[in-house]
Amino acid sequence: MQTQLLTDHRQAAEIIRHGGLVAFPTETVFGLGADATNSEAVAKLFLAKGRPGDNPLIVHLHDRSQLPAVAREVPSIALRLLDAFAPGPLTIVVPKHKSIVRSVTAGLDTVGVRIPDHELARAFLKAADLPIAAPSANRSGKPSGTTVEAVLEDLGGWIDAILIGGTSRIGLESTVVDCSCLPPRVLRPGAVTLEQLRSIVPDVEILNSAATTADNSPGLRHAHYRPAAEVRLVERASQVGLDSLSAYMGIEPIAAHRSLGLYRCFDSVDKYASELYETLRHADRLGIKTIYCQTVPAVGVGQALADRLRRAASTDFA
Ligand code: TXA
Ligand code: MG
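Every value quoted in this text rests on a predicted model; they were computed, and no experiment measured them.

Draft legend 1. Representation of the overall build of the protein chain in the model. In terms of helices and strands, the protein chain carries 9 helices and 15 strands. For the protein chain, whose C-alpha radius of gyration is 19 Å, the value lies close to the compact-globule estimate of 20 Å for 318 residues. Each principal axis of the C-alpha distribution contributes one length, and for the protein chain these read about 55 × 50 × 35 Å. Counting only residues that meet the buried cut, the protein chain has 54% of its 318 residues in that class. Long-range contacts, defined here as pairs at least 24 residues apart, represent 67% of the contacts in the protein chain between residues at least 6 apart. With 33 positive and 34 negative side-chain charges, the protein chain shows a separation of 2 Å between the mean positions of the two kinds.

Right under this line is the structure:
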């Protein structure tokens, strides 16, 4: 299959309406979209990503008017969170409507729903006029795609088209909040922080990684965000091995950085977050063996960044 690069969101929407697969930019990362009411399209999507069938997908909407078509009920807490953070990098998990096919939710009775804060994405979703299931646009286990180049690298030849125009400003995936239970709980940290969530719903819980199990957060069953190179976390730049097959990314500068194969020093945690995945991929393109990543304090978007760094470096599923 030849993967087309499209700038016209209406053409991209037509492909979705005919059961095809289209990658599209959002403010978090690129999504790989399929009609969430078409089980054949969803089956193709799982195949293209190499995604395990037990990991549910997020359904994307252009606005709240589509909610009754995807959710059986929307608890008032979920509505309050949508009032505060939608459109934006927030996914709410709510009881699923029967129109959403089983494979989208991996057999669960709940569905993750998100309204992206990205003009082109919403124009595309509106033109498709269907709920669109979209995981991050990458081969399963790899760092999420945040550029057209990354999406082509992983999915070129597997999908019908990539909608181009606009970037992934945030660079890390949405905050996932399970609103089907009380108190609601954060299943995946993202750019909407715990403090922000608690300013709206004070009792929101975040399960620490030790207590979060694959039963309540299916995404944890599998490896994520891993480049081919080994990722090592360091607290200080002085812990980095200085050689041409090593890379460094972090906030603290390294004086002797010329001996490194790749060096990225970011001037903010936000920038570090938004460039993380593309830098990991770039290191792989250069044949780097070890990527040293400086850890960050878990405040603001640092909560999500610290989580992704920990998983990129994890050897749990090696
Ligand atoms: O920012 C994002 O969320 C991006 C863009 C494309 O919107 N999407 C994304 O999708 O990151 P994906 O498939 O890579 O991650 C979805 C996460 C997984 O951890 C999955 O387990 C969780 O959301 N999830 C989806 N539906 C769920 C449900 N019904 N119950 C619990 N977790 C769910
Ligand atoms: Mg993903």
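Draft legend 2. Here's a closer look at the site of ligand 1. The immediate surroundings of ligand 1 are formed by 26 residues, with Thr-28, Asn-55, His-60, Ser-174 and Arg-188 found nearest. The side chain of Arg-51 places a nitrogen or oxygen atom 2.9 Å from an oxygen atom of ligand 1. Arg-114 places a side-chain nitrogen or oxygen 2.9 Å from an oxygen atom of ligand 1. Relative to its free-state accessible area of 680 Å², ligand 1 is covered by the protein chains to the extent of 96%. Counting residues per element, the ones that place at least two in the shell around ligand 1 are strand 4 (58–60), strand 6 (110–114) and strand 10 (185–188). With 4 residues, strand 6 is the single largest residue contributor to the shell around ligand 1.

Draft legend 3. Broad picture of the pattern of salt bridges. Counted by the stated rule, this structure contains 19 salt bridges. Here Glu-27 ties to Arg-114 by a salt bridge, and the two come within 2.9 Å at their closest N and O atoms. Highlighted residues: Glu-27 in the loop between strand 2 (22–24) and strand 3 (31–35) and Arg-114 in strand 6, separated in sequence by 87 residues. A relative accessible area of 1% means that Glu-27 is categorised as buried. With its nearest N and O atoms 3.7 Å apart, the salt bridge here joins Glu-149 to Arg-285.

Draft legend 4. Main features of the sheet that holds strand 14 (residues 262–265). The strand order across the open sheet formed by 4 strands is 12-15-13-14, and the pairing between neighbours is parallel. A strand with exactly one partner marks an edge of an open sheet, and here the two such strands are strand 12 (230–234) and strand 14. Between one strand and the next, the sheet's axes are offset by a mean angle of 15 degrees, whatever the strand orientation. Where strand 13 (residues 246–250) and strand 15 (residues 290–294) come together, 4 bridges link them in parallel fashion.

Draft legend 5. Structural detail: the sheet that holds strand 4. Pairing in this open sheet of 11 strands is mixed, and the strands run 1-8-2-3-7-4-6-5-9-10-11 from one edge to the other. Of all strands in the sheet, those bounded by a partner on one side alone are strand 1 (4–6) and strand 11 (205–206). In terms of strand pairing, strand 10 meets strand 11 through 2 bridges, oriented parallel. Counted as the bridge partner of Arg-185 is Glu-205 from strand 11. Lying on the sheet, helix 1 (residues 9–17) is in contact with strand 1, strand 2, strand 3, strand 7 (132–133) and strand 8 (161–163); it crosses strand 1 at an angle near 130 degrees. Across the face of the sheet, helix 4 (residues 76–85) comes into contact with strand 5 (90–95) and strand 9 (175–178) while running at roughly 160 degrees to strand 5.

Draft legend 6. Expanded view of helix 6 (residues 148–155). All buried positions along helix 6 are accounted for by Ala-150, Val-151, Asp-154 and Leu-155. For helix 6, the angular spread of the buried residues around the axis is 100 degrees, confining them to a single face. Packing partners of the buried residues in helix 6 comprise strand 2, strand 3, helix 2 (39–49), strand 8 and helix 8 (269–285). Phi for Gly-157, located one or two positions after helix 6, is positive at around 90 degrees.

Draft legend 7. A look at the packing of helix 8 against helix 9 (residues 302–313). Between helix 8 and helix 9, the least distance of the axes is 10 Å, while the angle of their chain directions is 35 degrees. Crossing of helix 8 over helix 9 shows left-handed handedness. Residues Val-269, Tyr-272, Ala-273, Leu-276 and Tyr-277 of helix 8 form the contact with helix 9, whose participating residues are Gly-302, Leu-305, Arg-308 and Leu-309. A breakdown of the residues in the contact of helix 8 with helix 9 according to their chemical character gives 7 nonpolar, 1 polar and 1 charged.

Draft legend 8. Examining the packing of aromatic side chains more closely. The tally for this structure, following the rule as stated, stands at 4 aromatic pairs. When the centroid spacing of 5.9 Å and the interplanar angle of 20 degrees are considered together, the rings of Tyr-248 and Tyr-263 count as stacked. A residue pair is termed long-range when its members are at least 10 positions apart, and Tyr-248 in strand 13 and Tyr-263 in strand 14 qualify at 15 residues. Judged by centre distance (5.2 Å) and plane angle (15 degrees), the ring pair of Phe-266 and Tyr-272 falls under stacked. No difference in accessibility class separates Phe-266 from Tyr-272, as the two residues are buried. When the ring centre of Trp-158 is taken as reference, the NZ or CZ atom of Arg-139 above it lies at 5.2 Å.

The rules behind these values
Residues numbered from 1 in each chain as written. Chains lettered and ligands numbered in written order. Predicted model: local features only at pLDDT ≥ 70, side-chain atom pairs only at ≥ 80, totals over all residues. Heavy atoms only, no water. Helix = DSSP H or I, 4+ residues; strand = E, 2+ residues; numbered from the N terminus. Rg over C-alpha atoms; globule rule 2.2 N^0.38 Å. Buried < 20%, exposed > 50% of the residue type's maximum accessible area, 1.4 Å probe, protein only. Contact = heavy atoms within 4.5 Å. Lys, Arg positive; Asp, Glu negative; His and termini not counted. Charge placed at Lys NZ, Arg CZ, Asp CG, Glu CD. Near = heavy atom within 4 Å. Polar contact = N/O pair within 3.5 Å; in protein donor to acceptor, adjacent residues only side chain to side chain. Areas by Shrake-Rupley, 256 points an atom, 1.4 Å probe, with all protein chains shown as cover. Salt bridge = Lys/Arg side-chain N within 4 Å of Asp/Glu carboxyl O. Pairing = 2+ DSSP bridges. Axes fitted to C-alpha atoms, helices over the stretch in contact; angles between N-to-C directions. Arc of directions from axis to C-beta. Left-handed = near helix turned anticlockwise from the far one by under 90°. Nonpolar A, V, L, I, M, F, W, Y, C, P; charged D, E, K, R; others polar. Phe/Tyr/Trp six-rings, centres within 6.5 Å; stacked < 30°, edge-to-face > 60°. Lys NZ or Arg CZ within 6 Å of the ring centre and 35° of its normal.

That is the geometry; function is a separate question.
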